[in-house]
Amino acid sequence: MQSCYASDEVSNHDRLRAGGVPVINSIDHAVRVVAALDRRGRRLATASQRSSLTPPAPAPRSANGAGILDEPTARALVEDAGVDIGGWTFVHTVDEVVAAVTGYGRPCALKVVSPQVIHKSDVGGVKLNVVGASAAENAQAIIDAVTENVRGAVIDGIVVTPMADQGVELLVGATHDPIFGPVVAFGSGGVMVEALEDVTFRAAPFTEIEAHEMIDETIASRMLDGYRHLPVIDRESLARFLVRVGDIVAAHPEISELDLNPVIASDTGIVPVDVRIVLSENLSGAHA
């Protein structure tokens, strides 16, 4: 009940309060209460569709030691967990780069794999929109640039991935928070991450209905329905993608950080451009 006389001593207000009906002076506060009751009602009505927040049994340990996994290992872990990350090939020679790019039949990205290189683009370790005719030249340019810019760099190979279709750039990541445990972040990605500060979080594991709520809470959600020149995104596929990311970090306590930024959502699928995994120094919670 909202009344501009709520702060006065009015007998009928006392009767309402005695019967369990709050009487509130502020219209703003009254509206917030009604909105909160509505949210609570919807949550109770969908309780059976929500996660119990009980983490699954830890998966077998995927790697030994702490630190950043190389990209092929990180991609394989995510892919084995049921997340579709699109096509990718790990090669070791310039000729294999040419064969991989030619095999995809479309422009590709080339990224160096080296334990001494963390920020690949800063040292010339990334080439984009590479086609078969220029694959050898670009692969050799990566090798030369990394060798020149990073003293003692050991180049394990090059990851070849088809360039993602035009779409909405999203942030998808996960971490093991010291208080809340496994947590997934979702929001606007790419160059807009810092500008918009558009991100929402959920403790993992969670269900698809909770993933849809994550999506709806962000500015990014406005761009998923064909905003201007952007394609229409399948929200069901995006929700399933978020759920599986949550399942990964919940099942692997050895993962300190999982970064998929940016993820390109298009009318052909949900594809992470980069896959980065940091393992925790404390792996005692994982099974050997």
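What counts and what doesn't
Residues numbered from 1 in each chain as written. Predicted model: local features only at pLDDT ≥ 70, side-chain atom pairs only at ≥ 80, totals over all residues. Heavy atoms only, no water. Core = buried A, V, L, I, M, F, W, Y, C linked by side-chain atoms within 4.5 Å. Buried < 20%, exposed > 50% of the residue type's maximum accessible area, 1.4 Å probe, protein only. Helix = DSSP H or I, 4+ residues; strand = E, 2+ residues; numbered from the N terminus. Contact = heavy atoms within 4.5 Å. Polar contact = N/O pair within 3.5 Å; in protein donor to acceptor, adjacent residues only side chain to side chain. 1 Å grid on protein atoms, 1.4 Å probe; cavity = no way out; pocket = protein on both sides within 12 Å on 5 of 7 lines; lining within 4 Å. Points joined across faces, edges and corners; volume = space filled by probe spheres on them. Nonpolar A, V, L, I, M, F, W, Y, C, P; charged D, E, K, R; others polar. Axes fitted to C-alpha atoms, helices over the stretch in contact; angles between N-to-C directions. Parallel < 35°, antiparallel > 145°, perpendicular 65-115°, else oblique. Pairing = 2+ DSSP bridges.

**Some words on the nonpolar core**
- Ranked by internal contacts, the top residues of the largest apolar core, which has 42 residues, are Leu 258 and Ile 277.
- Secondary structure elements with two or more residues in this core: helix H3 (71-80), strand S6 (168-177), strand S7 (181-188), helix H7 (208-216), helix H8 (235-251), strand S9 (255-259), strand S10 (263-266) and strand S12 (276-279).
- It is H8 that contributes the most residues to this core, nine residues altogether.
- Not counting the four nearest positions on each side in its chain, Ile 277 is found in contact with Gly 67, Ile 68, Leu 69, Ala 74, Leu 77, Val 78, Ile 255, Glu 257 and Leu 258.
- Among the nonpolar cores identified, the runner-up in size contains 18 residues, and Val 91, Val 97, Val 117 and Ala 135 belong to it.

**Quick word on the side chain of Thr 200**
- Structurally, Thr 200 is set in strand S8 (residues 199-203).
- Within the local environment of Thr 200, its side chain forms a polar contact with the side chain of Glu 217, the two groups lying 2.5 Å apart.
- Setting aside anything within four residues of it in sequence, one finds Thr 200 in contact with Val 184, Ala 185, Phe 186, Met 214, Glu 217 and Thr 218.

**Side note on the layout of surface pockets**
- Counted as a void, the second largest pocket has a volume near 210 Å³.
- Taken together, 15 residues form the lining of the second largest pocket, with Leu 171, Gly 173, Ala 174, Ala 185 and Leu 258 sitting closest to its centre.
- Contributions of two or more residues to the lining of the second largest pocket are made by S6, S7, S8 and S9.
- The element that contributes the greatest number of residues to the lining of the second largest pocket is S6, accounting for five residues.
- Split by residue class, the lining of the second largest pocket holds nine nonpolar, three polar and three charged.

**Overview of the packing of H7 against H8**
- Close contact between H7 and H8 brings their axes to 8 Å; oriented N to C, the two are set at 110°. Between H7 and H8, the crossing angle belongs to the class labelled roughly perpendicular. Contacts from Glu 208, Ala 211, His 212, Ile 215 and Asp 216 of H7 reach H8 at Arg 235, Glu 236, Leu 238, Ala 239, Arg 240, Leu 242 and Val 243.
- Within the contact of H7 with H8, the residues separate by chemical class into six nonpolar, one polar and five charged.

**Considering the pairing of S9**
- As defined by bridge partners, S6 adjoins S9 across three bridges and the pair is classed as antiparallel. Residue pairing in the sheet places Thr 175 in a bridge with Glu 257 of S9.

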